[in-house]
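Structural description and commentary
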Amino acid sequence: EHVARSYVNLISTAVKLGDYAQARRQIEDSAAYFAPRDLDSWTNYIRWWQARLDFERGNWDAAASEALRLVRARGVAPITRICALAVLARVRQLLEDGTVTSVTGRKIPMRVHSILLHGDTPGAVELARAVRGVVEQAGRVVPISRQAND
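Summary of the structure given here.

Calculation notes
- Residues numbered from 1 in each chain as written.
- Predicted model: local features only at pLDDT ≥ 70, side-chain atom pairs only at ≥ 80, totals over all residues.
- Heavy atoms only, no water.
- Axes fitted to C-alpha atoms, helices over the stretch in contact; angles between N-to-C directions.
- Helix = DSSP H or I, 4+ residues; strand = E, 2+ residues; numbered from the N terminus.
- Parallel < 35°, antiparallel > 145°, perpendicular 65-115°, else oblique.
- Left-handed = near helix turned anticlockwise from the far one by under 90°.
- Contact = heavy atoms within 4.5 Å.
- Nonpolar A, V, L, I, M, F, W, Y, C, P; charged D, E, K, R; others polar.
- Core = buried A, V, L, I, M, F, W, Y, C linked by side-chain atoms within 4.5 Å.
- Buried < 20%, exposed > 50% of the residue type's maximum accessible area, 1.4 Å probe, protein only.
- Phe/Tyr/Trp six-rings, centres within 6.5 Å; stacked < 30°, edge-to-face > 60°.

**What about the packing of helix 3 (residues 40-56) against helix 4 (residues 60-72)?**
For the pair helix 3 and helix 4, interaxial distance at closest approach is 7 Å and the crossing angle is 155 degrees. When the axes of helix 3 and helix 4 are compared, the pair comes out roughly antiparallel. Once helix 3 is placed against helix 4, the crossing between them reads as left-handed. Packed against helix 3, whose contacting residues are Asn44, Arg47, Trp48, Ala51, Asp54 and Phe55, the element helix 4 presents Trp60, Ala62, Ala63, Glu66, Ala67, Arg69 and Leu70 at the interface. Its residues placed into classes, the contact of helix 3 with helix 4 shows eight nonpolar, one polar and four charged.

Below, the structure is given as structure tokens:
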């Protein structure tokens with residue numbers, strides 16, 4: 001438990017400070033530590049930090065996919081589910097309003113031209129469909145399959 005909390009503190013601090021390389025290293029290290037010890041609850045909590053990291057780095061598809069996975073998975077702690085929903089809210093804001101909110105609370109215009117969605121994990125197709133549904137519902141990004149051929 002103490003090691004798990006330490007990883008959370010290291011990762012959350014790195015993400016909040018914008019030290020994304022350090023955050024990614026700590027996420028990878030924590031996964032290697034948690035897996036053989038069946039620390040699933042901690043793994044899920046770290047995964048939401050991964051989703052936030054992906055969002056902040058502009059990997060919106062990965063952020064949305066991971067957040068949706070956490071929201072839909074069984075046995076995920078309520079705090080982790082809430083944090084994942086916050087990531088999805090940021091993605092939705094980007095798609096619907098064309099803005100992102102800075103750490104100071106200022107809304108910054110952001111034009112989205114495309115979203116690349118990929119994955120080969122179990123449930124990847126279901127997650128891709130869910131992300132596509134959110135994107136299409138927002139109406140700001142048109143899937144390539146629905147764009148007119150020029």
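**Quick word on the nonpolar core**
Within the largest apolar cluster, 37 residues are counted, with the highest numbers of intra-cluster contacts made by Phe34, Trp48 and Trp49. Put simply, the parts of the chain that give this core at least two residues each are helix 1 (2-17), helix 2 (20-34), helix 3, helix 4, helix 5 (78-97) and helix 6 (124-138). Of all the elements, helix 3 adds the most residues to this core, at eight residues.

**Remarks on unusual backbone geometry**
Positive phi outside glycine occurs at Asp38, with the angle close to 55 degrees. Among the structural elements, Asp38 can be located in the loop between helix 2 and helix 3.

**Describing the packing of aromatic side chains**
On inspection of all chains with the given rule, the structure shows five aromatic pairs. Their ring planes at 45 degrees and their centres at 6.0 Å tell us that Tyr7 and Tyr33 sit as a pair that is tilted. Remark: Tyr33 occurs in helix 2 and Tyr7 occurs in helix 1; sequence separation between them is 26 residues. Its relative accessible area of 16% is what places Tyr7 among the buried residues. Taking relative accessible area as the criterion, Tyr33 reaches 25% and is therefore assigned partly exposed. When the centroid spacing of 6.3 Å and the interplanar angle of 70 degrees are considered together, the rings of Tyr45 and Trp48 count as edge-to-face. Of the two residues, Tyr45 and Trp48 both sit in helix 3, three residues apart, roughly one turn of that helix. For the pair Tyr45 and Trp48, one class covers both residues: buried.

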